[in-house]
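Take a look at the letters that make up each chain.
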Amino acid sequence: MRAALELARAAAQAGEVPVGAIIVKDGAIVGQGRNAPVAQGDPTAHAEVLALRDAAARLGNYRLDDCTLYVTLEPCTMCSGAMLHARLGRVVYGAAEPRTGAAGSVLDVFALPQINHHTQVTRGVLAGECAALMSDFFRTRRAEQRAAQPHPLKDTALRHADSTFGGFAQPQWRSDLPALAGLRLAVVDEGPHDAPLTWLCLHGSPSWGQLFQPMLPGWLQAGHRVMVPDLPGFGRSDQPKKEKAHSAAWHVQVLRELVLALDLRSIVLVGHDDGARLGLAVAQAEPARFCGAWLMNAWPAGPAPDACVQWFAQAARKPSWPVGRAMHEVGEEAGAQPQAWNLPFSQPGHRAALQAWPRVQAEMPPLPMALLAQWSQQQRLWVQGGEHDALMPAPAWRQAWLQALPQLPPAQLRLSPCGHWVPLCAAGMVADAVEYFRP
Ligand SMILES: [Zn+2]
């Protein structure tokens, strides 16, 4: 059966339904076959039929009385009939096939005394392994089909050509979340799905997933999973044409549906600016899925500093607001790649998210202070600011956090020698974060 499983795997590699069969006579393999209907353009090219032909040709005999056929999946009516025609001595199969199996599942050709004189049947040998091979194959194929499906552009949205963006990791495209209503969302998803931690990185306006690029290698090296969506309207995701499409509740709902669709657990939220507020709203709705947060350049509560309010108001008002340059002005670290920040808004009409953002900020739900206090107590919270953050000057930022969370220990209130774009300078902190948030 192990040899048949090898053939089944080869079939899967070739894009065929993974079924393999071998025929054994006197302890030696005398015939083999793997499913090949697609490659051969032949609906009868089942593994068992090919193995029977192979054995009969090699033995120079179309009667296979003293042979045993091992096959990974319960044979269908055609193959069972072929085995009876060959007067096969014995058939051994792995997984049952509840829809087409003709050796006991749907019907049992071998149990009909009128037509079967010899063939013995043995069922369920390595059944788990054989069935897993089938289900893996169909799961992978479904995922591939989903990924290959076109994501048609709605006439209420705009999209950049995928080739516009170089550099950052290739995203997966999703348009299947109900809240997206057909918009295409870019999601970078790297690292193993059974990783001990998943770092959910959420940007604010006007940046996008690229903000977290310097941090990815450290997490991946630790064997963790990293999830970086571009909010709708930002980065590589589709952009609604109308600013009215944006609301805080909508962004929270999209992110929540993403977390549920991917069944993410053991999440550490890495939230930058308003991405922190959106992510915390998701965490409050799904607390069992989150285990901590690393919040960067985020304002906790109360009115944001004037500089911050004015910066976003200008971004909303001025149709030619220079995104890359404006980002550089509030954090030197953003100066290295102004093009990356300009790209999403580089064409006319692509600025609905910027126009909507001051209103979205005003709609943001308050931070879940009880949850933050709990994480702080469990040593699962870092609040990180930039010493030169021109939007949230460090002393005011610090005071606001201590007012919102008076019990925040000094070690959890961290300052970096950079401006408003701390994630761009945070590559060197990832190893410490992996240690600190270790489950
Ligand atoms: Zn068959």
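This text goes with the structure placed above it.
Model, not experiment: these values are computed from the prediction.

(A) Spotlight on the overall build of the protein. Summing up its helical and strand segments, the protein has 15 helices and 15 strands in all. Over its C-alpha trace the protein gives a radius of gyration of 30 Å, far above what one expects of a compact globule, namely 22 Å for 439 residues. In terms of principal-axis extent, the alpha carbons of the protein reach across some 90 × 45 × 35 Å. When burial is assessed residue by residue, the protein has 44% of its 439 residues classed as buried.

(B) Representation of the sheet that holds strand 4 (residues 90-95) within the structure. The strand order across the open sheet built from five strands is 2-1-3-4-5, with neighbouring strands paired in mixed fashion. Each edge of the open sheet is held by one strand with a lone partner, namely strand 2 (28-34) and strand 5 (120-122). Put simply, the sheet's adjacent strands are angled 20° from each other on average, direction ignored. Two elements, strand 1 (residues 20-25) and strand 2, share six bridges in a ladder whose sense is antiparallel. In the sheet register, Ile-23 faces strand 2, and the bridge partner there is Gly-31.

(C) Focus on helix 7 (residues 248-261). Taking 1.5 Å of rise per residue, the 14 residues of helix 7 would be expected to cover 20 Å, and the 20 Å separating its terminal C-alpha atoms lies within 8% of that figure. Where helix 7 is concerned, the buried positions are His-251, Val-252, Val-254, Leu-255, Leu-258 and Val-259. Buried residues of helix 7, viewed axially, fall in a sector of 160°; they line one side. Elements in contact with the buried residues of helix 7: strand 8 (185-190), strand 10 (225-229) and helix 8 (274-285). The positive-phi residue at the C-terminal boundary of helix 7 is Asp-263, with phi of around 50°.

(D) The arrangement of the environment of Pro-217 in detail. In this structure, Pro-217 sits in helix 6 (residues 216-221). Residues Pro-217 and Val-228, eleven residues apart in the sequence, show an inter-C-alpha distance of 13 Å.

(E) Structural context of the pairing of strand 14 (residues 381-386). Most of strand 14 is tucked away: six of the six residues are buried. Covered by surrounding structure in strand 14 are Leu-381, Val-383 and Gly-385 together with Trp-382, Gln-384 and Gly-386, the residues of both alternating faces. Sheet topology note: the strand 13 (residues 290-296)/strand 14 ladder contains four bridges and is parallel. In the strand pairing of strand 14, Ala-293 is matched with Leu-381. Sheet topology note: the strand 14/strand 15 (residues 413-416) ladder contains four bridges and is parallel. By the bridge assignment, Gln-384 is partnered in strand 15 with Arg-414. This β-α-β element, strand 14 to helix 14 (residues 394-404) to strand 15, shows right-handed connectivity.

(F) A look at the nonpolar core. Among the nonpolar cores identified, the biggest contains 84 residues, and Cys-201, Val-268 and Leu-269 are the most heavily contacted of them. Residues contacting Cys-201, with those up to four places away along its chain left out, are Phe-212, Val-226, Met-227, Val-228 and Val-270. With 38 residues, the next largest nonpolar core counts Leu-50, Leu-69, Ala-86 and Leu-88 among its residues.

(G) Quick look at helix 9 (residues 306-317). Compared with an ideal rise of 1.5 Å per residue, which puts twelve residues at 16 Å, helix 9 spans 16 Å between its outermost C-alpha atoms and is within 8% of the ideal. Here helix 9 has its buried residues at Cys-308, Trp-311, Phe-312 and Ala-315. Buried residues of helix 9 fall within an arc of 90° about the axis and therefore sit on the same side. Pointing more than 90 degrees away from the buried face of helix 9 are the exposed residues Asp-306, Gln-310, Ala-313 and Arg-317. Against the buried residues of helix 9 lie helix 10 (323-329) and helix 12 (352-363).

(H) Up close: unusual backbone geometry. A cis geometry characterises the amide bond from Ser-205 onward to Pro-206, with omega recorded as -5°. Mapped onto the secondary structure, Pro-206 falls in the loop between strand 9 (198-202) and helix 6. Phi at Arg-87 takes a positive value of approximately 55°, unusual for a residue other than glycine. Note on placement: Arg-87 falls in the loop between helix 4 (77-85) and strand 4. Positioned with a positive phi, Gln-379 is a non-glycine residue whose angle comes to about 60°. Within the fold, Gln-379 resides in the loop between helix 13 (369-377) and strand 14. Using a count of 13 C-beta atoms within 10 Å as the deciding quantity, one classes Gln-379 as partly exposed.

(I) Local environment of the environment of Cys-79. Secondary-structure assignment places Cys-79 in helix 4. Excluding residues that lie within four positions of it along the chain, Cys-79 makes contacts with His-46, Glu-48 and Val-49.

Conventions and cut-offs
- Residues numbered from 1 in each chain as written.
- Predicted model: local features only at pLDDT ≥ 70, side-chain atom pairs only at ≥ 80, totals over all residues.
- Helix = DSSP H or I, 4+ residues; strand = E, 2+ residues; numbered from the N terminus.
- Rg over C-alpha atoms; globule rule 2.2 N^0.38 Å.
- Buried ≥ 20, exposed ≤ 12 C-beta atoms within 10 Å, placed from the backbone.
- Pairing = 2+ DSSP bridges.
- Axes fitted to C-alpha atoms, helices over the stretch in contact; angles between N-to-C directions.
- Expected span 1.5 Å × (residues − 1).
- Arc of directions from axis to C-beta.
- Contact = placed C-beta atoms within 7 Å.
- Right-handed = clockwise from strand over helix to strand, strands pointing away.
- Core = buried A, V, L, I, M, F, W, Y, C linked by C-beta atoms within 7 Å.

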